[in-house]
Amino acid sequence: MSTTHVTDATFDAEVRKSDIPVIVDFWAEWCGPCRMIGPSLEELSTEFAGKVKIVKVNVDENPDSPAALGVRGIPTLFMFKNGQVHSNKVGAAPKAALKSWIESAL
């Protein structure tokens, strides 16, 4: 499994209506720290396949979802459980820290 790209139009269906917890990565092509955590998120999406879904929202192409959640900087990660925000994390982090954060929600 790999990360899924989500748009403003598909956000509710992919994130809020998901049966499993969802990690939302708000990112942009030009963001260096976003590109740094990208490979880790891809690996984690495989490790947590079936337990957690990891999706990416490009903030330049989809401004409504990040604005609705008050995203001010990127990368910003939100964890949704049962359609609600469970927690969030701002800034790049090593894979081990991201994994620990995800495991805390399971």
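Scroll up to find the structure this text is about.
Bear in mind that the values here come from a model prediction, so they are computed numbers and not experimental data. (Residues numbered from 1 in each chain as written. Predicted model: local features only at pLDDT ≥ 70, side-chain atom pairs only at ≥ 80, totals over all residues. Heavy atoms only, no water.)

Novice: Before we go on, may I ask you to explain the sheet that holds strand β4 (residues 76-81) in this structure?
Specialist: Strand order in this open sheet of five strands is β1-β3-β2-β4-β5, and the pairing throughout is mixed. A strand with exactly one partner marks an edge of an open sheet, and here the two such strands are β1 (4-5) and β5 (84-90). Note: β1 against strand β3 (residues 53-58), two bridges, orientation parallel. Following the sheet pairing, Thr 4 is matched in β3 by Val 55. Its contacts with the sheet place helix α2 (residues 32-47) against β2 (22-27), β3 and β4, and it is angled at close to 150 degrees to β3. (Pairing = 2+ DSSP bridges. Helix = DSSP H or I, 4+ residues; strand = E, 2+ residues; numbered from the N terminus. Contact = heavy atoms within 4.5 Å. Axes fitted to C-alpha atoms, helices over the stretch in contact; angles between N-to-C directions.)

Novice: It is not clear to me how the pairing of β3 should be interpreted in this structure. Could you clarify?
Specialist: Residues in a regular strand point their side chains to alternate faces of the sheet. Burial of β3 is extensive: six of the six residues sit out of reach of the surface. Neither face of β3 is open: one carries Lys 53, Val 55 and Val 57, the other Ile 54, Lys 56 and Asn 58, and all of them are buried. Pairing of β2 with β3, which is carried by six bridges, proceeds in the parallel orientation. Bridge assignment links Val 24 to a residue of β3, and that residue is Val 55. Between the parallel pair β2 and β3, the chain is carried across by α2, and the sense of this crossover is right-handed. (Buried < 20%, exposed > 50% of the residue type's maximum accessible area, 1.4 Å probe, protein only. Right-handed = clockwise from strand over helix to strand, strands pointing away.)

Novice: Looking at this model, I keep getting lost on the pattern of salt bridges. Mind explaining?
Specialist: Using the criterion set out here, one finds six salt bridges in the structure. For Asp 12, the salt bridge is made with Arg 16, and the minimal N-O distance between the two is 3.4 Å. Of the two residues, Asp 12 and Arg 16 both sit in helix α1 (residues 11-16), four residues apart, roughly one turn of that helix. The class of Asp 12 is partly exposed, set by a relative accessible area of 41%. Between Lys 95 and Glu 43 there is a salt bridge; the shortest N-O distance is 2.7 Å. Taken together, the positions of Lys 95 in helix α4 (residues 95-103) and Glu 43 in helix α2 put the pair 52 residues apart, joining distant regions of the chain. Several salt bridges share partner residues, and in doing so they unite Glu 43, Glu 47, Lys 95 and Lys 99 into one network. (Salt bridge = Lys/Arg side-chain N within 4 Å of Asp/Glu carboxyl O.)

Novice: Is there a simple way to think about α4 in this case?
Specialist: Count 3.6 residues to each turn of an α-helix, and residues three or four apart come out pointing the same way. Listing the buried residues of α4 in full gives Leu 98, Trp 101 and Ile 102. Relative to the axis of α4, the buried residues are bounded by an arc of 100 degrees and lie together on one face. For α4, the elements touching its buried residues are β2, α2, β3, β4 and β5. (Arc of directions from axis to C-beta.)

Novice: Looking at this model, I keep getting lost on α2. Mind explaining?
Specialist: Between its terminal C-alpha atoms α2 stretches 24 Å, which fits the 22 Å expected from 16 residues at 1.5 Å a residue. At Gly 38, α2 is bent by approximately 30 degrees, the largest bend along its length, and proline Pro 39 sits one to four residues beyond. By the burial criterion, the buried members of α2 are Cys 34, Ile 37, Gly 38, Ser 40, Leu 41, Leu 44 and Ser 45. Elements that come into contact with the buried residues of α2 comprise β2, β3, β4 and α4. (Expected span 1.5 Å × (residues − 1). Bend = angle between axes of the 7 residues up to and from the residue.)

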